[in-house]
Amino acid sequence: MREIELEQPYTISYKGIYAVCDRNNRYAEIIEHPRCYGGASWARYHYSNSPLILQVNTIGDMTRYYAKTGTSNLELKPSSFAAGIESVTVENDKVEITYAGLGGGGVGATKCRAYADGVISYDITESGGGRSAKGKIIVPRRERLIIGIDDTDTKEKGATWTLTHNIADAINCSESVYLSHSIVQLYPVSSKTQNCVSTVLEFGCLDENTKNKILQEIKSALLKYSVSDKTGMVAFSGFDAMDIYNYSKMCRLGEVSKDFAMQYARENGVEIWLDGDGVIGALAALPWFAKPDESIKLDTGLQ
């Protein structure tokens, strides 16, 4: 029988914690990448009761807390509301998040999050047992970069969703974190390869230089590995892409011309990086970032 030696028996460090903010720092999306799904599920249930939390989503092995910035008073109660997010504040290029918890929830609020990748600094209290505990972490402020891509394949070879993920995974780094990948079902037009889908990638970037570097790298990789001469690539920097939703709905209900797509992109602040016919589907993919379970269905609207 093996003797088990645990360096930190009561700590499960998160893989990473990131904060994406809107331009005015009124809202922040706290994106946590846990190592223990059970612990993340428990936290999601309890944290959803925090006054600052407007919505909680789980995508793969990441939990995403959509929050308004500010400070609140948490009236924690064992079992029913044992942990929560007390404050989310933004100053310059940093986001400060304060967690609070009782008992085991206090361990999650302190040690488990303090040592996650992406955390610049932390201030934690003693936790565990019957104690009430708080943990304050500081992470870099990030902005969202959304990239739509379509038509990298042909009827004989390739698959856009695999190529885009592999490129995004290869360039993932601390300055530009790869956050999500969604396959977006489009109306099956006559020129489709097979399933008529496009892809949207989401990154959390530190600054404009980092965004531009990521876009240049993705464009270069698409030119290298795409087997189609119709590849389209578009990019949008913003907290959401709801201004593109009406266009996306049109592409999911019928056929749209390339000229119309190009005009719509220009009028809505979308950058065109590759202008093949795939720009039609690439643009339609943008509003569906971080919604991979909804984007695969034609009859689903954005919430």
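Check the entry above for the structure.
Let us look at the structure shown here. All figures in this text were calculated on a predicted structure; none of them were measured in a lab. (Residues numbered from 1 in each chain as written. Predicted model: local features only at pLDDT ≥ 70, side-chain atom pairs only at ≥ 80, totals over all residues. Heavy atoms only, no water.)

Some details on the packing of aromatic side chains
- Going through the model one piece at a time under the given rule, you end up with ten aromatic pairs.
- Geometrically, the ring pair formed by Tyr247 and Tyr264 is tilted, given 5.2 Å between the ring centres and 40° between the ring planes. In this pair, Tyr247 is assigned in helix H6 (residues 245-253) and Tyr264 in helix H7 (residues 258-267), connecting sequence segments 17 residues apart. The same class applies to Tyr247 and to Tyr264, which are both buried.
- Taken together, the aromatic side chains of Tyr27, Tyr66 and Phe239 make up a single cluster linked through ring pairs.
- Above the face of the Phe239 ring, Arg144 is positioned so that its terminal group lies 4.9 Å from the ring centre.
- Cation over ring: Arg252 sits above Trp288, and NZ or CZ is 4.2 Å from the ring centre. (Phe/Tyr/Trp six-rings, centres within 6.5 Å; stacked < 30°, edge-to-face > 60°. Helix = DSSP H or I, 4+ residues; strand = E, 2+ residues; numbered from the N terminus. Buried < 20%, exposed > 50% of the residue type's maximum accessible area, 1.4 Å probe, protein only. Lys NZ or Arg CZ within 6 Å of the ring centre and 35° of its normal.)

Points about the environment of Ile53
- Along the chain, Ile53 turns up in strand S3 (residues 53-59).
- Through-space distance from the C-alpha of Ile53 to that of Ser41 is 15 Å; in sequence the pair is twelve residues apart.

Focus: H6
- Where H6 is concerned, the buried positions are Tyr245, Tyr247, Ser248, Cys251 and Arg252. Projected down its long axis, H6 carries its buried residues within an arc of 155°, all on one side. For H6, the exposed residues set more than 90 degrees away from the buried face come down to Asn246 and Leu253.
- On the buried face of H6, the contacting elements are strand S10 (176-185), H7, helix H8 (279-285) and helix H9 (292-295). (Arc of directions from axis to C-beta. Contact = heavy atoms within 4.5 Å.)

Structural notes on the side chain of Thr152
- Tracing the backbone shows Thr152 in the loop between strand S9 (132-150) and helix H4 (160-171).
- Here Thr152 is in contact with Ala159, Thr160, Leu163, Leu222, Ser226, Val227, Ser228 and Thr231, once residues within four sequence places are set aside.

Concerning the packing of H6 against H7
- Their axes nearest at 11 Å, the elements H6 and H7 cross at an angle of 165°. Comparing their axes, H7 and H6 come out roughly antiparallel. Regarding H6 and H7, the two cross each other, and that crossing is left-handed. Packed against H6, whose contacting residues are Asn246, Tyr247 and Met250, the element H7 presents Phe260, Ala261 and Tyr264 at the interface.
- Grouping the amino acids of the contact of H6 with H7 by side-chain chemistry returns five nonpolar, one polar and no charged. (Axes fitted to C-alpha atoms, helices over the stretch in contact; angles between N-to-C directions. Parallel < 35°, antiparallel > 145°, perpendicular 65-115°, else oblique. Left-handed = near helix turned anticlockwise from the far one by under 90°. Nonpolar A, V, L, I, M, F, W, Y, C, P; charged D, E, K, R; others polar.)

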